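Fold and contact review
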Amino acid sequence: TDNSPSVMILQNSALSCNAGFSAESAKETAEAFAGSENFRLYSAFPTSAVQMEYLCRKKTAAMLELIDAVTKQNAVLCGASEAVFSDATRAEEEFLYEAIRTAIRNGAKVITLCDDAGNLLPDEVTDFVQRTIQNTVGDSSVAYRFDCADKLGLGSALALAAVKGGAEGIKTSFVSDGILLSPFSALIADAGDRLGLKTDIDRTNCEYVSEKIQKRLTSEND
């Protein structure tokens with residue numbers, strides 16, 4: 001058995017796969033990962049007026065119909081399907097709530113709220129996440145997660161603020177302009193006790209894998 005850091009991280013992970021919007025793409029994605037022990041289908045929906053029009057050529061009513069159809073098909077194909085709301089912080093809140101309620105009603109088990117603009121401050125993130133959960137929460141099996149850009153250099157602080165607001169998961173990465181895993185895990189390890197938070201992430205191995213991925217990406221781009 002390979003016990004290298006990279007393999008151990010993968011063994012404790014789920015493959016999250018973009019199923020798109022069509023029934024055909026969702027079915028093909030599910031079939032491609034059918035051999036995986038733990039995978040999740042997700043679809044990412046724009047919810048601000050500008051992005052709905054620009055990306056989908058849809059108004060609110062038509063967008064809700066799309067969300068309804070897509071979340072139903074994803075839930076049938078995957079028991080742990082996810083609905084991602086890619087510009088949630090720029091949406092009209094009542095529309096966002098209805099979109100999330102629709103996804104939950106159709107069987108989505110993970111709801112991811114995104115601040116893709118990266119313009120919010122920590123207190124605003126806490127309030128936004130808390131308010132959204134209070135207005136949409138389904139049963140206890142639904143997990144709310146948060147993802148944001150790091151435009152203001154506050155990625156880790158915003159992630160912590162989302163957890164304070166009730167988010168159960170944070171989207172991080174090894175290399176991105178969003179929340180980086182290594183500094184966020186360090187923040188939880190060093191200051192999480194103040195909020196009753198802790199992580200069992202092996203920081204040494206996390207930094208090792210992050211370094212390897214960065215080197216690989218750099219060499220491929222050269």
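Figured I'd write up the structure that's included with this text. (Residues numbered from 1 in each chain as written. Predicted model: local features only at pLDDT ≥ 70, side-chain atom pairs only at ≥ 80, totals over all residues. Heavy atoms only, no water.)

So, about the environment of Gly153. If you trace the backbone, Gly153 turns up in the loop between strand E5 (143-148) and helix H7 (155-164). For Gly153, a relative accessible area of 55% corresponds to the exposed category. Expressed as a C-alpha distance, the spacing of Gly153 and Ile179, which sit 26 residues apart in the sequence, is 9.4 Å. (Helix = DSSP H or I, 4+ residues; strand = E, 2+ residues; numbered from the N terminus. Buried < 20%, exposed > 50% of the residue type's maximum accessible area, 1.4 Å probe, protein only.)

Moving on to the pattern of salt bridges. Applying the stated criterion to the full structure yields eight salt bridges. Glu93 is the partner of Arg131 in a salt bridge, and the nearest nitrogen-oxygen pair spans 2.7 Å. Residue Arg131 is found in helix H6 (residues 122-136), and its partner Glu93 is found in helix H5 (residues 93-105); the two are separated by 38 residues along the sequence. Judged by its relative accessible area of 28%, Glu93 is partly exposed. Note that Asp147 is salt-bridged to Lys171, the shortest N-O span being 3.7 Å. A residue pair is termed long-range when its members are at least 10 positions apart, and Asp147 in strand E5 and Lys171 in the loop between strand E6 (169-170) and helix H8 (181-191) qualify at 24 residues. Here the salt bridges share partners, and the residues they tie into one network are Glu98, Arg101 and Arg105. (Salt bridge = Lys/Arg side-chain N within 4 Å of Asp/Glu carboxyl O.)

Below, the discussion takes up the sheet that holds E5. The pairing of strands in a sheet happens through backbone hydrogen bonds and is either parallel or antiparallel. Taken in spatial order, the six strands line up as E1-E2-E3-E4-E5-E6 in an open sheet, and their pairing is parallel. Looking at strand neighbours, the two that pair on one side only are strand E1 (15-18) and E6, the edges of this open sheet. For E5 and E6, the ladder comprises two bridges, and the chain directions are parallel. Looking across to E6, one finds that Phe146 is bridged to Ile170. The sheet contacts of helix H4 (residues 60-77) involve strand E2 (39-45) and strand E3 (82-85), and relative to E2 the element is tilted by about 175°. Each of E3, strand E4 (110-115) and E5 touches H5; the most contacted strand, E3, lies at about 170° to it. (Pairing = 2+ DSSP bridges. Contact = heavy atoms within 4.5 Å. Axes fitted to C-alpha atoms, helices over the stretch in contact; angles between N-to-C directions.)

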